[in-house]
Amino acid sequence: MDAAERTDLVTRYTEEVVTEAEIESLFEERDDPGVYIGYAPTGEMHIGHFTTIRKLADFVEAGLDVTVLVADLHAHLDDEKSPFELLDARSAYYQAAIEAMIEAAGSDPEAVSFVRGTDYQLEEPYTLDLYRMLAETTLSRARRAGSEVVRQSENPKVGGLVYTLMQSLDVAALEADVAYGGIDQRGIYMLAREQLPEQGHGKPACVFAPLLSGLSGGKMSASEAGSKINLTDDDETVAEKIEGAYCPAEQVEDNGVLEYLRFLVFPVLAERGESFRVDRPEEYGGDLVYDGYDALEADFRSGELHPADLKPAAADAIAAVVAPVRERLLEAPELLEDAYPGRYA
RNA sequence: CCGCCCUUAGCUCAGGCUGGUAGAGCAGUCGACUGUAGAUCGACUUGUCCCCCGUUCAAAUCGGGGAGGGCGGACCA
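Quick caveat, the model's predicted, so the values are computed rather than measured.

Caption draft 1: How the structure looks around the protein's contact with RNA strand B. Surrounding RNA strand B, one finds 14 residues, the nearest of these being Gly-244, Ala-245, Cys-247, Asp-309 and Lys-311. Counting only the atoms of RNA strand B that lie within 4 Å of the protein, the sugar and phosphate share comes to 42%. Between RNA strand B and Glu-243, the relevant distance is 3.2 Å, taken from a sugar or linking oxygen to a main-chain nitrogen or oxygen of the residue. A distance of 3.1 Å separates a sugar or linking oxygen of RNA strand B from a polar atom in the backbone of Tyr-246. At four residues, the largest contribution of residues to the surface near RNA strand B is made by helix 14 (residues 307–331).

If you want it as structure tokens, here you go:
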């Protein structure tokens with residue numbers, strides 16, 4: 001694979017890349033540049049996480065050195081989303097769930113390195129760098145960088161600001177040439193590009209994944225159960241949620257069902273060499289088969305493919321992608337019980 | 001250390017002065033209409049009124065104590 005092919009692999013299915021030229025020159029200069037993504041182990045993981053994790057398969061295939069940070073301290077710093085005592089349990093659950101998703105995406109979990117925040121964020125040189133950054137960053141700059149990531153409230157804690165600076169520093173500490181995350185992370189990594197070189201570190205390139213729409217329209221919401229598919233949802237629950245999803249005929253924008261297909265289902269099917277089948281009554285034209293998302297979107301846009309026919313097919317396909325992850329998690333029920341004692345224990 | 005303010009439905013909040021079976025909006029659930037969902041109509045559900053003690057026939061409401069949160073002051077040789 002040459003640098004251009006590797007770059008294509010890294011940049012496909014993304015929302016934004018900063019910058020593509022930087023990525024390509026990385027491949028020209030080096031065999032195995034590093035990419036990292038961080039997850040703060042807070043609430044239960046869901047299909048939105050899955051789409052960002054699915055892309056790790058592309059990174060592995062492109063020959064990048066992939067690191068997943070389980071950012072335990074961040075989970076507490078962000079408005080105490082995770083209680084201090086639960087950080088270990090939630091970190092263990094996140095790592096297991098992420099490994100299961102990588103495998104379900106057709107890649108090898110062994111090819112990815114896992115690091116926990118507290119492994120390196122409590123001592124030098126990290127701490128010294130952090131204090132320097134705290135001294136150099138204005139409140140408004142830190143607030144702006146983290147505004148899409150850190151929970152916003154009427155009485156924000158200092159921790160939310162430190163969170164932002166720590167995440168910028170994580171890029172350097174994990175020796176990542178590329179910072180990867182959802183597009184909501186953009187502000188933080190732009191701060192990293194600005195600030196890290198001033199402290200003698202490299203300037204990271206960035207790859208941003210799209211944030212998928214919620215199933216009830218608008219953004220996916222953690223507090224709205226019906227707006228997202230959970231990793232623990234069984235086939236029937238997935239079917240119910242997709243059936244109830246906002247999905248206007250001929251409209252592609254703000255359509256969670258199509259987005260799930262585009263960024264999760266089709267990439268996984270392609271990896272397996274499978275097609276997407278739609279059972280459709282003869283009355284409406286009979287069954288359909290798609291080998292790629294573009295053809296499906298074209299039919300949906302034109303009205304040829306109706307939501308009522310698409311939904312059951314999409315539900316089956318999504319359920320099939322999620323099933324192996326759910327099964328892995330249910331094989332070790334103590335993971336969820338320990339991480340979320342209020343809900344499972 | 002001192003003072004003041006806040007705490008009521010899943011969320012945002014009214015009610016409290018003047019005690020009498022606890023409300024609105026949003027969310028949610030269910031129907032109608034659509035070959036899905038949404039929108040729009042129609043119906044419905046939701047409570048430790050932060051906790052304890054007291055006054056009273058009766059306390060979300062009055063009094064005392066406490067907890068949690070917020071704001072301010074003081075201290076800074």
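Caption draft 2: Just the nonpolar core, in detail. Among the nonpolar cores identified, the biggest contains 80 residues, and Met-45, Tyr-93, Ile-98, Phe-276 and Leu-296 are the most heavily contacted of them. Looking at this core, the element that brings in the most residues is helix 14, giving 11 residues. Viewed by domain, this core spans two of them, domain 1 (3–209) and domain 2 (225–344), each represented by three or more residues. Counting residues in hydrophobic clusters, the runner-up holds 32 residues, among them Leu-130, Ala-145, Ala-172 and Ala-176.

Caption draft 3: Highlighting the sheet that holds strand 2 (residues 34–39). Spatially, the six strands line up as an open sheet ordered 1-6-5-2-3-4, and their pairing is mixed. Of all strands in the sheet, those bounded by a partner on one side alone are strand 1 (16–18) and strand 4 (112–116). Across the sheet, the axes of successive neighbouring strands diverge by a mean angle of 20°, strand direction being ignored. The sheet contact formed by strand 1 and strand 6 (residues 205–209) spans three bridges and is antiparallel.

Caption draft 4: Structural detail: the packing of helix 11 (residues 235–243) against helix 14. At a closest axis distance of 9 Å, the pairing of helix 11 and helix 14 adopts a crossing angle of 140°. The angle between the axes of helix 11 and helix 14 places the two elements in the oblique class. Relative to helix 14, the crossing made by helix 11 is right-handed. Taken together, the residues of helix 14 that come into contact with helix 11 (itself represented by Asp-235, Val-238, Ala-239, Ile-242 and Glu-243) are Lys-311, Ala-315, Ile-318, Ala-319 and Arg-326. Taken together, the residues that form the contact of helix 11 with helix 14 break down as six nonpolar, no polar and four charged.

Caption draft 5: Structural view of the packing of helix 3 (residues 47–54) against helix 12 (residues 256–272). Viewed as axis vectors pointing N to C, helix 3 and helix 12 meet at an angle of 55°, and their least axial separation amounts to 10 Å. Taken together, helix 3 and helix 12 sit at an angle that is classed as oblique. Note on packing geometry: the crossing formed by helix 3 with helix 12 is left-handed. Across the interface between the two elements, Ile-47, Phe-50, Thr-51 and Arg-54 of helix 3 pack against Tyr-260, Phe-263, Leu-264, Pro-267 and Val-268 of helix 12. Of the residues belonging to the contact of helix 3 with helix 12, the class tally is seven nonpolar, one polar and one charged.

Caption draft 6: Structural view of the pattern of salt bridges. What the rule picks out here adds up to 16 salt bridges. The partner of Arg-30 in a salt bridge is Asp-177, and the shortest N-O contact between them spans 2.8 Å. With Arg-30 in the loop between helix 2 (20–29) and strand 2 and Asp-177 in the loop between helix 9 (158–173) and strand 5 (178–182), this pair connects stretches of sequence that are 147 residues apart. When the shortest N-O distance is used, the salt bridge between Glu-194 and Arg-141 registers 3.0 Å. Of the two residues, Glu-194 sits in helix 10 (residues 186–195) while Arg-141 sits in helix 8 (residues 139–146), which places them 53 residues apart along the sequence.

Caption draft 7: Structural context of the domain arrangement of chain A. If you check the domain split of chain A, you get domain 1 (3–209) and domain 2 (225–344). Each of domain 1 and domain 2 has a C-alpha centre, and these two points are 27 Å apart. On the side of domain 2, 28 residues touch domain 1, which itself brings 26 residues to the contact. With both sides pooled, the region where domain 1 packs onto domain 2 buries about 2300 Å², and carbon together with sulfur makes up 70% of that total. For the pair domain 1 and domain 2, the number of links is one salt bridge. In this structure, Glu-103 engages Arg-328 in a salt bridge whose closest nitrogen and oxygen atoms are separated by 2.9 Å. Here domain 1 and domain 2 share six residue pairs in polar contact (both at pLDDT 80 or more) between them.

Caption draft 8: Inspection of unusual backbone geometry at higher detail. Thr-19 follows Val-18 through a cis peptide bond whose omega is -20°. Summarising the element assignment, Thr-19 is placed in the loop between strand 1 and helix 2. In this model, Glu-124 is joined to Pro-125 through a cis peptide bond whose omega is 5°. Here Pro-125 shows up in the loop between strand 4 and helix 7 (126–136). The residue Glu-175 is not glycine, and still its phi comes out positive at about 55°.

Caption draft 9: Spotlight on the pairing of strand 2. Buried residues dominate strand 2, accounting for five of its six residues. Pairing geometry for strand 2 and strand 3 (residues 65–70), over six bridges, is parallel. Paired with Gly-34 across the two strands is Asp-65, which belongs to strand 3. The sheet contact formed by strand 2 and strand 5 spans two bridges and is parallel. Its bridge partner lying in strand 5, Tyr-36 is registered against Ala-179.

Criteria and cut-off values
Residues numbered from 1 in each chain as written. Chains lettered and ligands numbered in written order. Predicted model: local features only at pLDDT ≥ 70, side-chain atom pairs only at ≥ 80, totals over all residues. Heavy atoms only, no water. Near = heavy atom within 4 Å. Polar contact = N/O pair within 3.5 Å; in protein donor to acceptor, adjacent residues only side chain to side chain. Helix = DSSP H or I, 4+ residues; strand = E, 2+ residues; numbered from the N terminus. Core = buried A, V, L, I, M, F, W, Y, C linked by side-chain atoms within 4.5 Å. Buried < 20%, exposed > 50% of the residue type's maximum accessible area, 1.4 Å probe, protein only. Domains from an automatic or database assignment. Pairing = 2+ DSSP bridges. Axes fitted to C-alpha atoms, helices over the stretch in contact; angles between N-to-C directions. Parallel < 35°, antiparallel > 145°, perpendicular 65-115°, else oblique. Left-handed = near helix turned anticlockwise from the far one by under 90°. Contact = heavy atoms within 4.5 Å. Nonpolar A, V, L, I, M, F, W, Y, C, P; charged D, E, K, R; others polar. Salt bridge = Lys/Arg side-chain N within 4 Å of Asp/Glu carboxyl O. Buried area = accessible area lost by both parts, 1.4 Å probe.

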